[in-house]
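# Inside the fold
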Amino acid sequence: DMVQLPDEMALLKNLVRLSAQANKLTVLPWLSGHMASLKILDLAANPLVALPPSLGALENVLETLNINDCETLTDPPPLIVNAGQKHMLTYLRKVWRGYNTRRMVCVGLKMGRFRIDLSHPKMQELVELRLDKN
């Protein structure tokens with residue numbers, strides 16, 4: 001079983017579908033806007049702990065994000081995951097934007113518990129963090 005996807009995966013700018021079901025992936029590389037053609041990302045049945053915030057850069061492109069049976073996923077928080085794909089990608093986009101602008105606005109996302117990794121060097125540069133109405 002595969003335990004890690006290569007970081008270079010983000011360089012596949014023409015990739016439309018990525019299926020990595022039923023492996024032993026616990027983390028993903030930072031997939032970014034370079035993968036502007038990615039429409040289907042199938043990660044079902046992996047022991048993922050977190051989705052990279054960079055997936056938020058694909059919010060308007062990604063049509064299907066399958067994380068069924070990823071029972072160890074804690075980020076995004078379960079309340080956001082249960083609200084559906086659109087809510088998840090919005091959350092990830094807001095975290096991603098926070099990394100890039102030093103301002104994170106996560107208002108009204110119904111996050112439940114705050115589980116964003118504040119140890120990331122970019123997060124330590126935040127100048128504004130809004131968690132209203134969660």
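Described in the following lines is the structure provided in the data block. Only a predicted model underlies this, so the values are computations on that prediction, with no experimental measurement involved. Chains are numbered independently. Their residues run from 1 in the order of the written sequence. Local features in this predicted model are restricted to residues of pLDDT 70 or higher, and side-chain atom pairs are both shown and tallied only at a pLDDT of 80 or more, whereas totals for entire chains, interfaces and linings draw on every residue. Water and hydrogen atoms play no part in the side-chain values, which are based on all heavy atoms of the structure.

Moving on, we get to the pattern of salt bridges. One speaks of a salt bridge when a side-chain nitrogen belonging to Lys or Arg is within 4 Å of a carboxyl oxygen belonging to Asp or Glu. Taken as a whole and assessed by the stated rule, the structure comprises 3 salt bridges. A salt bridge links R93 to E59, with the nearest nitrogen and oxygen atoms 2.3 Å apart. Residue R93 is found in helix α2 (residues 85–101), and its partner E59 is found in the loop between β2 (40–42) and β3 (64–66); the two are separated by 34 residues along the sequence. We call a residue buried when its accessible area falls under 20% of the maximum for its residue type, exposed when it is over 50%, and partly exposed in between, using a 1.4 Å probe and counting protein chains only. For E59, a relative accessible area of 19% translates into the label buried. Linking R130 and D132 is a salt bridge whose minimum nitrogen-to-oxygen distance equals 2.9 Å. Numbering of helices and strands runs from the N terminus; a helix is a DSSP stretch of H or I covering at least four residues, while a strand is a stretch of E covering at least two.

Let us now look at the sheet that holds β3. Spatially, 3 strands are ordered β1-β2-β3 in an open sheet, and the strand pairing comes out parallel. Each end of this open sheet is capped by a strand with a single partner; those strands are β1 (17–19) and β3. The average angle at which neighbouring strand axes cross in this sheet is 5 degrees, direction not considered. Of the pairings in the sheet, the one linking β1 to β2 comprises 3 bridges and is parallel in character. Among the inter-strand pairings, S19 is bridged to a residue of β2, identified as D42. Two strands pair if DSSP finds at least two bridges between them. To obtain each axis, a line is fitted to C-alpha atoms, and for helices this fit is confined to the stretch in contact; angles are then taken between N-to-C directions over 0 to 180 degrees.

As a further point, take the packing of aromatic side chains. Think of a pair of aromatic rings as described by two things: how far the centres are apart, and how the planes are tilted against each other in angle. Think of it this way: a Phe, Tyr or Trp ring, Trp meaning its six-membered ring, pairs with another when their centres are within 6.5 Å, and the plane angle makes it stacked under 30 degrees, edge-to-face over 60, tilted otherwise. For the coordinates displayed, the defined rule picks out 2 aromatic pairs. Seen from their ring centres, W30 and W96 are 5.5 Å apart, and the 50 degrees between their planes marks the pair as tilted. Remark: W96 occurs in helix α2 and W30 occurs in the loop between β1 and β2; sequence separation between them is 66 residues. Taking 5.1 Å as the distance between ring centres and 25 degrees as the angle between the ring planes, the aromatic pair formed by W30 and Y99 counts as stacked. Taken together, the residues span a long stretch of sequence, with W30 in the loop between β1 and β2 and Y99 in helix α2 at a distance of 69 residues. The partly exposed category is assigned to W30, whose relative accessible area is 34%. Put simply, the rings of W30, W96 and Y99 touch in pairs and so form one group of aromatic residues.

To continue, consider α2. For α2, built from 17 residues, the straight-helix expectation of 24 Å at 1.5 Å per residue is met to within 8% by its first-to-last C-alpha distance of 24 Å. Residues of α2 that are buried: M88, L89, T90, Y91, L92, K94, V95, W96, G98 and Y99. Against β3, α1 (78–82) and β4 (103–105) lie the buried residues of α2. At the C-terminal side of α2, R102 shows a positive phi close to 70 degrees. Here the expected span of a helix is defined as 1.5 Å times the quantity of residues minus one. Note on definitions: a residue-residue contact is assigned when non-hydrogen atoms from the two residues lie within 4.5 Å.

Turning our attention to unusual backbone geometry. Cis peptide bonds are those with omega within 30 degrees of zero, and the linkage from D75 to P76 qualifies with 10 degrees. Phi angles above zero are rare outside glycine, and A22 is one such case at about 50 degrees. Here A22 lies in the loop between β1 and β2. Among the residues examined, A22 registers a relative accessible area of 47% and is labelled partly exposed.

None of this, on its own, says anything about what the molecule does.
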